[in-house]
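Observations on the three-dimensional arrangement
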Amino acid sequence: MCGIFAVIGLTGDPLLNRKRVYGLAKRIRHRGPDSYKMDVSIKEDGTQSYMVHKRLSIVAPGPSGEQPLYTDASHDTTFIANGEIYNHEALREKYNIVSENKSDCQVIGHLYEQNGPEFIRELDGMFAFVIEDRKTGRVLAGRDHMGKIPCYIAYGKDGSVWFSSEMKTLVDDPGIAKYEIFPPGHYYIREKGEAEGKMVQWYDPTWVTDTEYIPTRKADLTELRETVVDAVKKRLMADVPYAVLLSGGLDSSLITSIAQRHKAESTNTFGADEPVHSFSIGIEGAPDLIAAKKVADALGTVHHEIHFTPEEALDALPDIVYHLETFEQVRASVPMYLLSRAIKSYGFKMVLSGEGADELFGGYLYFHKAPSPEEFHKECARKTTRLHQWDVLRANKSTMAWGIEVRTPLLSQQVCDYAMNTDPTQKMIRMDETDEDGHPFLEKYLLRKAFDTPDDPYLPDEVLWRQKEQFSDGVGYDWVDGLQNYADKMVSDEQFATRETRFPLNPPTTKEYYLLREIFEEHFVTGMENGDCAYATCPFGKSIACSTPEAVAWDPEWENSVGDISGRAVKNVHVAGDKFDLKADGAGKAGSTASTKEKKPAEAASVMAIGGHTRGRGSVAVKAAKADAGRKKGGAIYIGGAARGGGAPGK
């Protein structure tokens with residue numbers, strides 16, 4: 001994984017432009033600390049192209065894997081890529097690709113030359129790439145199916161098009177008219193002479209494109225297990241040391257178990273005969289630390305336990321928001337950010353992580369209140385297609401802040417498509433029923449049951465059947481409570497009372513979010529002509545225990561609250577739920593009228609989904625960070641048809 005930055009069709013003085021591009025690209029140096037290269041091409045009409053690559057070398061370290069990449073000495077096809085292509089060896093053989101460059105991303109340019117833009121469907125991995133076809137003048141860029149690799153696109157006032165791994169390179173250049181998220185599962189193509197390019201959706205399974213689709217296929221437990229195991233094995237591809245993030249919950253424990261069990265048989269992995277290293281983090285005595293230690297001891301990993309204090313976490317808040325480029329996911333990002341720094345100090349460059357199962361299999365505790373199998377499936381689809389603004393974003397940017405690559409096997413195309421084409425009646429939570437082995441049908445039952453192999457167990461029973469714990473809760477309740485208390489002190493009652501004036505776009509309902517919005521604006525809302533764009537990349541909407549805004553309607557108490565992403569917000573389900581104070585929302589109380597500036601969740605949402613569906617989303621008004629900038633109008637983002645509604649915080 002790396003950092004990429006490209007500007008194509010730039011006008012002006014080439015000498016000054018190179019300096020300009022270098023300065024902007026330097027902001028993503030943390031993504032590629034191992035090397036830096038820039039390709040510059042000046043056309044006959046004086047326009048220029050700049051392709052910058054900041055490398056974190058995981059596969060083929062050294063000169064044999066350097067970028068920018070070329071298919072031959074003519075440099076007619078020049079390209080840069082961020083990510084990993086796990087089937088690159090099979091593609092080299094299938095298409096007879098011969099190249100001295102051993103990067104797994106080298107296949108991208110050759111496949112493009114042989115098959116055109118639709119080659120992207122053959123890639124198995126996580127990626128964002130930019131290709132300049134200097135023979136035809138075509139520009140092509142693409143992003144993986146789930147948006148695991150972050151990517152933004154910007155449009156220059158001079159007709160240039162810009163691509164970047166992170167938004168921070170785009171927020172304050174005076175030549176940029178607007179910027180936005182590059183949608184997952186799409187590619188962008190612009191032919192020579194065209195003023196504007198177009199987005200084409202390439203990841204288009206029915207569960208993504210058809211909002212009314214409800215699958216009926218029954219899952220085969222053996223097939224599901226083998227699909228997950230294969231996804232983990234593919235992601236052991238590395239030429240450098242790597243580790244596993246282990247919280248002690250189901251998802252991370254399964255990933256750790258599979259990696260430990262199959263590492264020795266992998267032919268494309270580093271240290272195949274060495275045990276897996278696992279890392280966990282938490283406030284001393286936190287639930288995750290205790291659970292992770294039990295799992296590590298059972299599996300025989302080399303385990304490392306990292307501690308932090310609430311004060312250390314609060315110190316990191318401004319840095320976290322800067323790296324995340326959003327005010328969401330902060331609770332879970334802080335411990336992941338602190339853990340990544342420790343992992344880097346141990347000499348590891350890649351980690352496996354368990355994101356995805358809660359969305360695909362309905363693992364969050366609020367799924368206990370799903371009113372029907374149909375709504376259960378639709379919520380899984382909403383959650384999964386929005387991950388690039390939530391857990392996937394958090395996992396990538398929290399780790400890459402320290403030059404650590406994260407891989408998420410449970411979000412492979414194969415696992416996603418299997419899970420989302422499974423009859424949701426098999427996913428429904430039924431705690432008052434048990435299976436033939438006496439296990440209740442609790443959250444993520446299908447995944448648990450697929451790995452319930454008593455003759456050759458992957459995990460101890462107490463881990464395999466442990467209740468879901470949100471990562472931000474599991475690292476220690478003192479962290480979540482400490483953040484809320486800190487916000488209460490930093491944001492006065494007088495300030496909070498003016499929140500609708502201070503934040504006219506979807507005013508924050510808690511002091512915690514007031515504080516985070518202030519930090520976000522300091523970093524990204526510039527007050528410039530394109531100052532609205534930063535807010536348009538962020539999701540909005542009320543959430544209960546990481547639900548989407550739509551699912552808040554499942555419970556009247558949730559609708560009348562301010563919302564909270566903690567799993568403890570689901571009373572009578574979480575073991576600590578009855579002691580959790582879910583604050584009432586004044587705008588939602590009986591007899592009161594909701595503020596015109598606080599729209600219903602789906603209407604207030606500024607969320608992009610991979611291919612599908614939001615109903616009734618309105619335009620948004622954006623307040624710039626500068627007090628005198630006033631209110632500006634920001635556009636909603638629609639992808640692939642009608643847009644999906646508001647997102648929800650992750651683990």
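Above this note sits the structure.
Worth saying up front: this structure is predicted, and the values here are computed from it rather than measured.

1. Describing the nonpolar core
Soluble globular proteins tend to bury their nonpolar side chains together. Formed by 116 residues in total, the largest nonpolar core has its most connected members in Ile108, Leu123, Phe129, Phe163 and Phe451. A total of 6 residues in this core trace back to one element, the largest contributor, which is strand S6 (residues 125-133). Formed by 70 residues, the second largest nonpolar core is a distinct cluster that contains Leu324, Ile404, Val406 and Phe520.

2. Some details on the packing of aromatic side chains
Tallied over the full model, the rule gives 29 aromatic pairs. Between Phe119 and Phe129, the ring centres sit 5.6 Å apart and the planes meet at 40°, which makes this aromatic pair tilted. Of this pair, Phe119 sits in the loop between helix H3 (106-115) and S6 while Phe129 is found in strand S6, placing the two residues 10 residues apart along the sequence. Here Phe129 falls in the buried class, since its relative accessible area comes to 1%. On the basis of an interplanar angle of 80° and a centroid distance of 5.7 Å, the ring pair of Phe279 and Phe348 is categorised as edge-to-face. In this pair, Phe279 is assigned in strand S14 (residues 277-282) and Phe348 in the loop between helix H10 (330-345) and strand S16 (350-352), connecting sequence segments 69 residues apart. For the pair shown, Phe279 and Phe348 are each scored as buried. In textbook terms, an aromatic cluster arises when at least three aromatic residues are bridged by ring pairs, as seen for Phe119, Phe127, Phe129, Trp202, Tyr203 and Trp207. A cation sits over an aromatic face here: Arg217 above Tyr418, 4.1 Å from the ring centre. The aromatic ring of Phe496 is capped on one face by Arg499, whose charged end is 4.2 Å from the ring centroid.

3. Brief notes about unusual backbone geometry
Of note, the amide linkage connecting Gln67 to Pro68 takes the cis form, showing an omega dihedral of 5°. Note on placement: Pro68 falls in the loop between strand S3 (48-55) and strand S4 (69-70). At His75, a residue that is not glycine, the phi angle is positive and equals roughly 60°. With respect to the helices and strands, His75 occurs in the loop between S4 and strand S5 (77-85). One non-glycine residue, Glu325, lies in the positive phi region at around 65°. In this fold, Glu325 is placed in the loop between helix H9 (317-324) and H10. For Glu325, a relative accessible area of 1% gives the class buried.

4. Observations concerning the sheet that holds S3
The strands that make up a sheet pair up through hydrogen bonds in the backbone, lying either parallel or antiparallel. Spatial strand order, S2-S3-S1-S9-S8-S10: 6 strands in an open sheet with antiparallel pairing. Edge strands, defined here as strands with exactly one partner in the open sheet, are strand S2 (35-42) and strand S10 (176-181). Ignoring strand direction, the axes of neighbouring strands in this sheet form an average angle of 10°. As paired strands, S2 and S3 are joined by 8 bridges and run antiparallel to one another. Each residue of the ladder has a partner; that of Val40, found in S3, is Tyr50.

5. Comments concerning H10
Residues spaced three or four apart along an α-helix face the same direction, because each turn holds 3.6 residues. Across its 16 residues, H10 extends 23 Å between first and last C-alpha, which sits within 8% of the 22 Å expected from 1.5 Å per residue. Gly347 sits one or two residues past H10 and shows a positive phi near 95°.

6. Quick notes on the sheet that holds strand S12 (residues 198-201)
Reading across from one edge, S4-S5-S6-S7-S11-S12 is the order of the 6 strands in this open sheet, with antiparallel pairing throughout. Among the strands making up the open sheet, the edge pair consists of S4 and S12. Sheet topology places strand S7 (residues 138-143) next to strand S11 (residues 186-190); 4 bridges connect them, and they run antiparallel. The residue bridging Gly142 from the neighbouring strand is Tyr187, located in S11.

7. Describing the packing of H9 against H10
For the pair H9 and H10, the least separation of the axes is 10 Å and the interaxial angle reads 100°. Taken together, the axis directions place H9 and H10 in an arrangement best described as roughly perpendicular. From H9, Leu317, Asp319, Ile320, Val321, His323 and Leu324 reach across to H10, where they touch Val330, Ser333, Val334 and Tyr337. When the residues that make up the contact of H9 with H10 are grouped by side-chain class, the tally is 7 nonpolar, 2 polar and 1 charged.

8. Some details on the pairing of strand S1 (residues 2-10)
Most of S1 sits out of view: 9 of its 9 residues are buried. Two strands pair when backbone bridges link them, and S1 and S3 are joined in this way by 8 bridges, in the antiparallel orientation. Among the inter-strand pairings, Ile8 is bridged to a residue of S3, identified as Ser49. Across 4 bridges, the pairing between S1 and strand S9 (residues 161-164) is antiparallel. Its bridge partner lying in S9, Ile8 is registered against Val161.

9. Here we look at the side chain of Asn530
Counting through the fold element by element, Asn530 comes out in the loop between helix H21 (511-524) and helix H22 (533-536). Within the local environment of Asn530, its side chain forms a polar contact with the backbone oxygen of Ile176, the two atoms lying 3.2 Å apart. Excluding residues within four positions of it along the chain, Asn530 makes contact with Leu170, Val171, Asp173, Ile176, Ala177, Lys178 and Tyr179.

Conventions we followed
Residues numbered from 1 in each chain as written. Predicted model: local features only at pLDDT ≥ 70, side-chain atom pairs only at ≥ 80, totals over all residues. Heavy atoms only, no water. Core = buried A, V, L, I, M, F, W, Y, C linked by side-chain atoms within 4.5 Å. Buried < 20%, exposed > 50% of the residue type's maximum accessible area, 1.4 Å probe, protein only. Helix = DSSP H or I, 4+ residues; strand = E, 2+ residues; numbered from the N terminus. Phe/Tyr/Trp six-rings, centres within 6.5 Å; stacked < 30°, edge-to-face > 60°. Lys NZ or Arg CZ within 6 Å of the ring centre and 35° of its normal. Pairing = 2+ DSSP bridges. Axes fitted to C-alpha atoms, helices over the stretch in contact; angles between N-to-C directions. Expected span 1.5 Å × (residues − 1). Parallel < 35°, antiparallel > 145°, perpendicular 65-115°, else oblique. Contact = heavy atoms within 4.5 Å. Nonpolar A, V, L, I, M, F, W, Y, C, P; charged D, E, K, R; others polar. Polar contact = N/O pair within 3.5 Å; in protein donor to acceptor, adjacent residues only side chain to side chain.

Purely geometric numbers; function is a separate question.
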